Amino acid sequence: MASGGYGRGGRGAALLEALNAPVRKPGGMEEKLAPSKVSQPGILQTKSQPPEPPVASQPPPPKSIARGRGALGLLASAAGRGILPPKAQPAGTTPAVTPTETSVQPRGVEALFRLTSGRGGMMAAAAANGGQQTGLGQPLQQMPSKQSPPASLGQSPPATQQATVKAPAPVASMGKASGERAPLTSRFNSMSLDRDEVVHRPGSVGKHLLLSANYIKLRCLNSGVYQYHVDFSPQVDSKNMRFKMMSELKDIIGSTKAFDGSILYLPIKLPNQETVAHSTRLTDNVDITITIRLTKVVAPEACVPLYNIIFRKIMRILEMVEVGRYYYNPKTPSAVPQHKLEVWPGYITSVCENEGGLMLLADASHRVLRTETVLQMLHTILQRNPQSFHDVCNRTLIGTIILTRYNNKTYRIDDILWDKSPQHTFTCGNTGEPMTFIEYYKKAYNKTISDHEQPLLLHRPKRKTLPGNKEAKSEAICLIPELCYGTGLTDELRNDFKVMKDIACHTRVTPNQRNLTMKKFIDSVNGNPDAKKELSNWGLELMNDTLSMDGRLLPQENIIYRNYKSLAGPNADWGRDVTKQHVITAVPLKNWVVLYTKRDGTKASNYIKQMLQCCPQMGIECHPPVRFELHDDRTETVIRTLRENINPSIQMVVIICPTSRDDRYSAIKKLCCSECPVPSQVIIAKTIMREDKLRSVTQKIALQINCKMGGELWALEIPMKKLMVIGIDVYHDAAKGKRSIAGFVASTNPQCTTWYSRVCFQMPGQELVDGLKLCLISAIRKYHEVNHVFPEKIIVFRDGVSDGQLQFVSGHEVEQLKGCFSQFGEDYQPRLGVVIVQKRINSRIFLKGNHEMENPPSGTVVDHTITRREWYDYFLVSQHVRQGTVSPTHYIVVHDSTNLKPDHMQRLSYKMTHLYYNWPGTIRVPAPCQYAHKLAYLVGQNIHKEPAPELSDRLFFL
């Protein structure tokens, strides 16, 4: 029976056409298979007018499901996670595995197969080998053409009377009549799995270091995993029913499997190419014929998404609870009772294929949970805001994630049902009987609800689409505030220094403690019989220690002042020198104004006095300012005074605010950055309150003011001539419909100490490159205006790019940027390098000390073993930390026509981390990236419009 164009009677023409076609690059529409609908406790549909889930438009599915070149969907998924060659990833796609509700199938499996069912689960392949069966004990691409396969990876289960084997008839070739087709084995084995060569670009400059990392070697004892395609005849639409039928075939396929409804992965090879089994559909007692066909053997490096699913199952075996994306141990929480919080310890795990082979990245993680219930939060809000209670509750709770401790599941609050309560009646899905929420929770979880008048919280599951563009039925989940607990930190808690300090005692882990945590995790997995068995069933083995490797320490940099030069030091900190030496370029502060309220008059006088004393010591000429005392601290008063007194001769305005208020700050910045362009400095009165710290605070403010007026503080030795360095970062503006603001900052002098800045706005769905092209053209013109030559080398440090966007940036976006050069003549072709900067990573690097693990020093570089196998990349530890574990920054060179050696690229990246003028030390990312972040954040958070062009050549956004 034909099945989706690939049945035993309908596969001729389409398959012939596909096999005869030239090999094409992977990348196309990926079919998203909808996860099965499951019935769970707590998923309730209200009896009277149940809330409808939000309606979202769904794209029509591709016409072919799990057909075509079988390895491509898996490759695309893996490439999106940075583990397979970039050629296998469709440009511009961002695959992500989204956790779904727990069902009969393990939670992540369905999400995995939504990614792995790209252009085919059927026609993928091992290497070409003359049409013979795949040799299982050998690499897929180096198999002899005529050799019988050795013993299978695992013992094949005994066949029962239920299974009927149907071997295809041997036929000479596929070029004959339609009834004379070659055996399945020859057709599948005639295809290959293309992989790029390993990219290895190591440097050599620097001192040798002995390092370790939070990676654990993962050894695969098998040649891979066997992929099968499963057909049901007659067709079975219910995925739950398919799962149950496959579970009944343990005697045939074994107990270890991964199945998504059509694609089956097994660690063993079934005795025959095609296995036919029979089952009965329970709903109508119809006999179902199940045909299981071997499609290919997937190599271990292509099984990374599957291995991640296996480790998620292992975390559940270890009795860890999934909260958000990671797993945590609820049995060993650390209490923070003074703030009604507790911290759950947990692990981050991710299987990846790096330059050093297949590895498990494991890191310690912590989850902050509140010990007060959502009902208690509602009572607190009611006491503070009785007049606007509903509005504040909606603003505070909707969109947040809560935890229900009776089943340790997390839900997003989508709405608050003020007109319903626990006394509301609904129809129970299991029994069909009406019951109240009070009765349900007592019966199902033995939970007694005390407040019968509290509102209900509503969670709407994500809409799911079945094959054929059919929408899966979804049921709203009603939750009881009394039984729900908040997760994470609110903005109010994050802004509380005491709260963050107390939490840091539990979450800030030293390198040695982090390493011991990793070893404890390894012992937990290898010491648990069930976890060990789950790994061995798939032929996996976890090594007994974390990875050891070599690294290099780059030389210290010279910090150059106007008349002085000194080394940055082992901790890369020159905070003492910067206040004693003269800055490179000082802008005289002659005409500036200070605004303050009457109650802050004394603080303002002390601050001005210190400015007049400190500035000359740093080589900055400073005259007394014009003072304006405000009658009150209302925003309107501040803005009116500024409008009346700002004129073209004013160099700087300083506003001393009595308290920190976002609306006032935004109003000031909008006026000074867009409407009446002038550099501005906002100071909170508390900052200059203490006289014993006033001098050091004033010195930092004076340096910042000098930068905002166009001054230069310090420089480094940069030997490359005619070089332009660019930083790009993106901010998503929640106030304007989630539009994106890209900050663009480019150097305009050979020392990379003066910068030209622009922003570009991107609406949802619009390509960012359109605005970046205009920014780059403006920056090159500005560079020529300052230096009277065009830059010959342009290095772009791009922040805010995920793994799934690497292909898009390296292909489409780079070509768009290169197209800008034609604006300056056909002969102008500068050499371009584009470097992605990733700082939100889970990789950690440790220095092997005499007795324990330590943080590596500033300037540590690792460019092998843990780097990507298909990208030119490196890890750099640039900053020095005194507490916790330092986080390296991952640099990925996605385009490079500069011919720079790896050493030069690494040293340039390290030099750039020294040039951020808001901190006299190294920072985590290159200075232009941090400048672009500050600019995009200021525009997206406060200004919401493009800054005035008059300020584009100054660091007004610091």
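Residues numbered from 1 in each chain as written. Predicted model: local features only at pLDDT ≥ 70, side-chain atom pairs only at ≥ 80, totals over all residues. Heavy atoms only, no water.

A. Local environment of the overall build of the protein. Along its length, the protein carries 23 helices and 39 strands. Taking all 958 residues of the protein together, 55% fall into the buried category. Within the protein, residue pairs in contact and separated by at least 24 positions form 73% of the contacts whose partners lie at least 6 positions apart. (Helix = DSSP H or I, 4+ residues; strand = E, 2+ residues; numbered from the N terminus. Buried < 20%, exposed > 50% of the residue type's maximum accessible area, 1.4 Å probe, protein only. Contact = heavy atoms within 4.5 Å.)

B. Region of interest: the sheet that holds strand E29 (residues 680–684). Taken together, the four strands give an open sheet; going across it, the order is E27-E26-E28-E29, and neighbouring strands pair in parallel fashion. The open sheet has two free edges, formed respectively by strand E27 (626–630) and E29, since each of these has just one partner strand. Pairwise comparison of adjacent strand axes, ignoring direction, gives a mean angle of 15 degrees for this sheet. Pairing geometry for strand E28 (residues 652–657) and E29, over five bridges, is parallel. Within E29, the position partnered with Val653 by the bridge is Ser680. Docked against the sheet, helix H16 (residues 601–617) engages strand E26 (592–597), E27, E28 and E29, running at close to 155 degrees with respect to E26. Those strands touched by helix H19 (residues 694–708) are E28 and E29, and its axis lies near 160 degrees from that of E29. (Pairing = 2+ DSSP bridges. Axes fitted to C-alpha atoms, helices over the stretch in contact; angles between N-to-C directions.)

C. Fine view of the side chain of Ser680. For Ser680, the position within the fold is in strand E29. According to the relative accessible area criterion, Ser680 is buried, its value standing at 2%. Within the structure, the side chain of Ser680 is placed 3.1 Å from the side chain of Lys669, a separation counted as a polar contact. (Polar contact = N/O pair within 3.5 Å; in protein donor to acceptor, adjacent residues only side chain to side chain.)

D. Examining the pattern of salt bridges more closely. What the rule picks out here adds up to 33 salt bridges. In this structure, Arg643 and Glu675 form a salt bridge, with 2.8 Å as the shortest nitrogen-oxygen distance. Of this pair, Arg643 sits in helix H17 (residues 635–645) while Glu675 sits in helix H18 (residues 662–675), and the two are 32 residues apart along the sequence. Relative accessible area serves as the criterion here: at 38%, Glu675 is assigned to the partly exposed category. Each of the salt bridges in this network shares a partner with another, and the network as a whole consists of Asp231, Glu274 and Arg293. (Salt bridge = Lys/Arg side-chain N within 4 Å of Asp/Glu carboxyl O.)

E. Quick peek at the pairing of strand E11 (residues 341–354). Here E11 lies mainly inside the structure; 11 of its 14 residues are buried. Summarising the sheet, strand E9 (residues 326–328) and E11 pair through two bridges and their orientation is antiparallel. Residue pairing for E11: Tyr328 is matched across the bridge by Gly346. Here strand E10 (residues 334–336) runs beside E11; their pairing, made up of three bridges, is antiparallel. Residue pairing in the sheet places Val336 in a bridge with Leu341 of E11. As consecutive antiparallel partners, E10 and E11 are separated by four residues, and within that stretch Lys340 has a phi angle of approximately 55 degrees, a positive value. Here E11 runs beside strand E12 (residues 357–373); their pairing, made up of 14 bridges, is antiparallel. When the bridges of E12 are listed, Glu342 appears paired with Leu369. Connecting the antiparallel pair E11 and E12 is a turn made up of two residues.

F. Expanded view of the nonpolar core. In this structure, Trp592, Tyr607, Ile656, Ile705, Trp714, Phe797 and Tyr931 are the most contacted members of the largest nonpolar core, which totals 83 residues. Of all the elements, helix H23 (residues 927–943) adds the most residues to this core, at nine residues. Not counting residues within four places of it along the chain, the set of residues in contact with Trp592 comprises Tyr607, Met611, Cys622, His623, Pro624, Pro625, Val626, Met652 and Val654. (Core = buried A, V, L, I, M, F, W, Y, C linked by side-chain atoms within 4.5 Å.)

G. View of the sheet that holds strand E18 (residues 456–459). Reading across the sheet, the three strands line up as E15-E18-E21 and stay open at both edges, with antiparallel pairing between neighbours. Of all the strands in the sheet, just strand E15 (415–417) and strand E21 (477–479) have a single pairing partner and so form its edges. Here the average twist between neighbouring strands, direction ignored, is 35 degrees. As paired strands, E15 and E18 are joined by three bridges and run antiparallel to one another.

H. Highlighting the packing of helix H7 (residues 304–317) against helix H14 (residues 529–537). One way to put it is that H7 packs onto H14 with a least axis distance of 9 Å and a crossing angle of 165 degrees. When the axes of H7 and H14 are compared, the pair comes out roughly antiparallel. Crossing hand, H7 versus H14: right-handed. Contacts from Ile310, Phe311, Lys313, Ile314 and Ile317 in H7 reach Asp530, Ala531, Glu534 and Leu535 in H14. Classifying every residue of the contact of H7 with H14 by side-chain character gives six nonpolar, no polar and three charged. (Parallel < 35°, antiparallel > 145°, perpendicular 65-115°, else oblique. Left-handed = near helix turned anticlockwise from the far one by under 90°. Nonpolar A, V, L, I, M, F, W, Y, C, P; charged D, E, K, R; others polar.)

I. Inspection of the packing of aromatic side chains at higher detail. Going through the model one piece at a time under the given rule, you end up with 24 aromatic pairs. Ring centres of Tyr931 and Phe957 lie 6.3 Å apart, and the angle between their planes is 65 degrees; on these two criteria the pair is classed as edge-to-face. Separated by 26 residues along the polypeptide, Tyr931 in helix H23 and Phe957 in the segment after H23 bring together distant segments of the chain. For the pair shown, Tyr931 and Phe957 are each scored as buried. An aromatic cluster is defined as three or more aromatic residues linked by ring pairs; in this entry it consists of Tyr406, Phe426, Phe437, Tyr440, Tyr441 and Tyr445. (Phe/Tyr/Trp six-rings, centres within 6.5 Å; stacked < 30°, edge-to-face > 60°.)

These figures capture arrangement, not role.
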